[in-house]
Amino acid sequence: MKKYKIVLLPGDGIGPEISEVSKKVLIKLSKKHNFDIEIIEKSFGGIAYEKYGTPAPDETLEQCKKSDAVLLACVGDIKYDSLARELRPESGLLKLRSALNLFANIRPVKIRKSLIDASTLKKEIVENVDLIVVRELIGGIYFGEPRGHITNTKIPKAFNTMVYDSSEIERITEIAIKIANQRNKKICSVDKSNVLEVSQLWRDTVLNITSKDKNISISNMYVDNAAMQLVRDPSQFDVILTSNLFGDILSDLAAMLTGSIGMLPSASLNNNGPGVFEPVHGSAPDIAGKNIANPIAMLLSASMMLKIGLNEEEAAENLETAVDKVLSKGFRTADLYDGYSEVLSCSEIGDKIIDEI
Ligand code: NAD
C-alpha cells in the first residue's frame, strides 16, 4: 500500500472548519483508493504567532520540507494588521514559499456548469471559461532588493524593486509549457514590456524558451489589455503565464469569473520538493466560527494535491465528481445561494460530498 505523509496547516479564521471537512474527505478517499495517508497538523499563521511568537515556526517549516505535500487552509485576521510586517500571518506565507522554493503558482479557473448563474458576468461570456494562471511566485517586486523607506527627505518616500534574472523566467516558462502541453498548447504571456525593462527581459526570455517547443502557440499581451480581455472574452485564454505582481492581480480577477471565491483552488510548486496546495480565498474572519464557510475551494485544492503532488489521479477524479454531484443535486453553502437551492452548513456539505465518494 502506498503511504503518504502530508502536513495540514489549518491556520486562522474559517481555516479550522474547512480543514476538518478536508481531513474527513481525505481519510474516506484513502480507504476507497487503497492508500495510507498520515495527516500531520501544524501551527501556522496568526495562531502560530499567538503560540510561538512567529507566524511560520521553524518546526512547522521543517515538517513541511519532510512531507510529500502541504495542504494549507488560510491565514490572517485584522487583529494582526498592527504587528511588525515580519510577524504578520501573511509574512508566514512568503516564508513558507521561500523555504520550499515554490516558484510556480498554478490557479485553474473553470466554470462548473451547475454554478454558471453565480458569476456576475453574463452566461454567454463565462460558460466556456477553462483557463490556468501560471504565476511566478518568489521573485519580482515582492522580493526585489533594495526596498524600503527613505526618511531623510522632506516628504516621506518609499520604494521597491522589480527584478528578474533570465533563469527565474526560464523555469516558470518551462512549467507553463508542461501545463500547456497537457491542455490546448496555447500560452499567453502577460507583461508590460512597452514600459518596463524587466518586462522586456521577461518577453524575450519567454519567446526564446517557448520557440524550442514547436507544439506551443505563444502570444504576448500587455497587462492592462489582459485585465480588459479577461472581462471581455475570458474563454480566449488557455494558459496565462505572468510575473508575481501581475499574476497576483490577474488571478484574483480571473477567479471572480466563476462567481465565488469559495470555489477556487491553487497549487504552489517547485521542480522536485513538496508543493503547497491551498484555496485562493483568505481566512474570512467575518464568517469564522459560524460553520457556514464553503469548504469546496479547499477540497479542490486537496484534489490538486492528490493529482499533482501524490499522483493519485483516480482519487482526485473521484473527489471532483463528488463535488459536482452534490452541486448538481442543488446543495449549496450560503455564499453560492441562488434563491432556490438548499443551503447547507460547512460540515453538512462536507458530509454530502463524503457520501458521494
Ligand atoms: P477573504 O477571502 O478572507 O474574504 C473575502 C470575502 O469572501 C468575505 O466576505 C468572506 O466571507 C468571503 N469568503 C472567503 N472565503 C470564503 C469561503 N470559503 N466560503 C464563503 N465565503 C468566503 O479576503 P479578505 O477579507 O480580504 O481577507 C481576510 C484575511 O485573510 C486577511 O487577514 C487577509 O490578509 C487574509 N488572506 C489570506 C490569504 C491566504 O491565507 N492565502 C489570502 C487572502 C487573504
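About the thresholds
Sequence order as written defines residue numbering, which begins from 1 separately in each chain. Selection of residues for local features in this predicted model requires a pLDDT of at least 70, selection of side-chain atom pairs for listing and counting requires 80 or more, and totals for whole chains, interfaces and linings are taken over all residues. With hydrogens and water stripped out, all remaining heavy atoms of the structure feed into the side-chain values. Buried and open spaces are told apart on a 1 Å grid over the protein atoms alone, a cavity being a set of points where a 1.4 Å probe fits but cannot get out and a pocket being an open set with protein on both sides within 12 Å along at least five of seven lines. Residues with an atom within 4 Å of a point are the lining residues. Grid points are joined across faces, edges and corners, and a volume is the space filled by probe spheres set on the points. The way it works is that DSSP assigns letters per residue, a run of H or I at least four long becomes a helix, a run of E at least two long becomes a strand, and they are numbered from the N terminus. Residue type decides the class: Asp, Glu, Lys and Arg count as charged, Ala, Val, Leu, Ile, Met, Phe, Trp, Tyr, Cys and Pro as nonpolar, and the leftover types, Gly among them, as polar. Exposure is judged per residue with a 1.4 Å probe applied to protein chains only, and the accessible area is read against the type maximum: over 50% gives exposed, under 20% gives buried, and values in between give partly exposed. It is the directions from the helix axis to the C-beta atoms whose arc is reported. Contacts: residue pairs with any heavy atoms within 4.5 Å of one another. Pairing of aromatic rings covers Phe, Tyr and the six-membered ring of Trp, with a centre-to-centre limit of 6.5 Å; geometry is then stacked below 30 degrees between planes, edge-to-face above 60, and tilted otherwise. Placement of a charge over a ring requires the Lys NZ or Arg CZ to be within 6 Å of the ring centre, with the centre-to-atom vector within 35 degrees of the ring normal. An automatic or database domain assignment provides the domain bounds reported here. As a working definition, buried area equals the accessible area (1.4 Å probe) given up by two parts on being put together, with both sides summed. Take a side-chain nitrogen of Lys or Arg and a carboxyl oxygen of Asp or Glu: if they are within 4 Å of each other, that pair is a salt bridge. Nonpolar core, defined: a set of buried Ala, Val, Leu, Ile, Met, Phe, Trp, Tyr and Cys residues in which side-chain atoms within 4.5 Å join the residues together. When DSSP locates at least two bridges between a pair of strands, those strands are taken to pair. Each axis is a line fitted through C-alpha atoms, and for a helix only the stretch in contact is used; angles between axes span 0 to 180 degrees, taken between their N-to-C directions. Nitrogen and oxygen atoms within 3.5 Å of one another constitute a polar contact, given that in protein one can donate a hydrogen and the other can accept it, and given that sequence-neighbouring residues count only through two side-chain atoms. The cutoff for a nearby residue is simple: one of its non-hydrogen atoms must lie within 4 Å of the molecule or strand. Note on areas: these come from Shrake-Rupley sampling with a 1.4 Å probe, and a residue is covered only by the protein chains present in the view.

1. Re empty space enclosed by the protein
Here comes step 1: For the coordinates displayed, the defined rule picks out 1 cavity of 30 Å³ or more.
Here comes step 2: The calculated volume of the largest cavity comes to roughly 50 Å³.
Here comes step 3: M162, Y164, V190, D191, V198, S199, W202, S243 and F246 together form the lining of the largest cavity.
Here comes step 4: Contributing elements (two or more residues each) for the lining of the largest cavity: β8 (186–191) and α7 (197–210).
Here comes step 5: When residues of the lining of the largest cavity are assigned to their parent elements, the largest contribution, 3 residues, is made by α7.
Here comes step 6: For the lining of the largest cavity, the residue count by class is 6 nonpolar, 2 polar and 1 charged.

2. Observations concerning helix α3 (residues 58–66)
Here comes step 1: T60, L61, Q63 and C64 are the residues of α3 that are buried. Along the long axis of α3, the arc covered by the buried residues comes to 160°, so they all point the same way. In α3, the exposed positions that point more than 90 degrees away from the buried face belong to D58 and K66.
Here comes step 2: For α3, the elements touching its buried residues are β1 (2–11), β2 (35–41), β3 (69–74) and α4 (89–99).

3. A closer look at the packing of aromatic side chains
Here comes step 1: Scanning the model with the defined rule gives 3 aromatic pairs in all.
Here comes step 2: When the ring of Y4 is compared with that of F35, the centres are 5.6 Å apart and the planes differ by 70°; the resulting orientation is edge-to-face. Placement of the pair is Y4 in strand β1 and F35 in strand β2, with a sequence separation of 31 residues. The pair formed by Y4 and F35 is uniform in burial state, with each residue classed as buried.
Here comes step 3: Residues Y49 and Y80 carry aromatic rings whose centres are separated by 6.2 Å and whose planes lie at 75° to one another, so their mutual orientation is edge-to-face. Placement of the pair is Y49 in helix α2 (residues 46–52) and Y80 in the loop between β3 and α4, with a sequence separation of 31 residues.
Here comes step 4: Judged by relative accessible area, Y80 falls into the buried class, the value being 6%.
Here comes step 5: The positively charged end of K352 is found above the aromatic ring belonging to F331, 4.6 Å away from the centroid.

4. Description of the domain arrangement of the chain
Here comes step 1: When cut into domains, the chain gives domain 1 (1–110 + 261–357) and domain 2 (120–258).
Here comes step 2: Using only C-alpha atoms to locate each centre, domain 1 and domain 2 end up separated by 25 Å.
Here comes step 3: With 18 residues of domain 1 in contact, the opposing surface of domain 2 contributes 21 residues.
Here comes step 4: With both chains or domains summed, domain 1 and domain 2 bury close to 1800 Å², and 64% of this area falls on carbon and sulfur atoms.
Here comes step 5: Looking only at domain 1, the three residues that lose the most surface to domain 2 are F103, R107 and V109, adding up to 39% of its buried area.
Here comes step 6: At the junction of domain 1 and domain 2, the tally comes to 1 salt bridge.
Here comes step 7: The shortest N-O distance in the salt bridge between D252 and R107 comes to 3.0 Å.
Here comes step 8: Only α4 and β4 (104–110) provide two or more residues apiece to the side of domain 1 that touches domain 2.
Here comes step 9: With 7 residues, β4 is the single largest residue contributor to the side of domain 1 that touches domain 2.

5. Observations regarding the nonpolar core
Here comes step 1: Formed by 67 residues in total, the largest nonpolar core has its most connected members in L71, I106, V134, L306, L319 and I353.
Here comes step 2: A per-element tally of this core places helix α10 (residues 296–309) first, with 8 residues.
Here comes step 3: Contact partners of I106, with chain neighbours within four places excluded, come to I132, V133, V134, I175, I179, S266, A267, L269 and M304.
Here comes step 4: In terms of nonpolar packing, the next biggest core, distinct from the first, is built from 19 residues, M221, L230, F246 and A254 among them.

6. Looking at the sheet that holds strand β11 (residues 265–269)
Here comes step 1: Across the sheet, 10 strands lie side by side as β2-β1-β3-β12-β11-β4-β5-β10-β8-β9; this open sheet has mixed pairing. In this open sheet, the two edge strands, each paired with only one partner strand, are β2 and β9 (217–222). For this sheet, the mean inter-axis angle between neighbouring strands, taken without regard to orientation, is 25°.
Here comes step 2: Examined bridge by bridge, β4 and β11 share 3 bridges and lie antiparallel to one another. Opposite A104, over in β11, you have L269 as the bridge partner.

7. Concerning the side chain of S345
Here comes step 1: Structurally, S345 is set in the loop between β14 (342–343) and α12 (346–356).
Here comes step 2: Within polar-contact distance, the side chain of S345 engages the side chain of N291 at 3.5 Å.
Here comes step 3: Residues within four places of S345 in sequence aside, it is in contact with N291 and T333.

8. Points about the site of the ligand
Here comes step 1: Surveying the vicinity of the ligand reveals 20 residues, the closest of which are V75, E90, G282, A284 and N294.
Here comes step 2: Within the backbone of V75, a nitrogen or oxygen atom sits 2.9 Å from an oxygen atom of the ligand.
Here comes step 3: At 2.3 Å from an oxygen atom of the ligand is found a side-chain nitrogen or oxygen belonging to E90.
Here comes step 4: Burial of the ligand by the protein amounts to 68% of the accessible area it has alone, namely 810 Å².
Here comes step 5: Of the residues in the shell around the ligand, the class split is 9 nonpolar, 6 polar and 5 charged.

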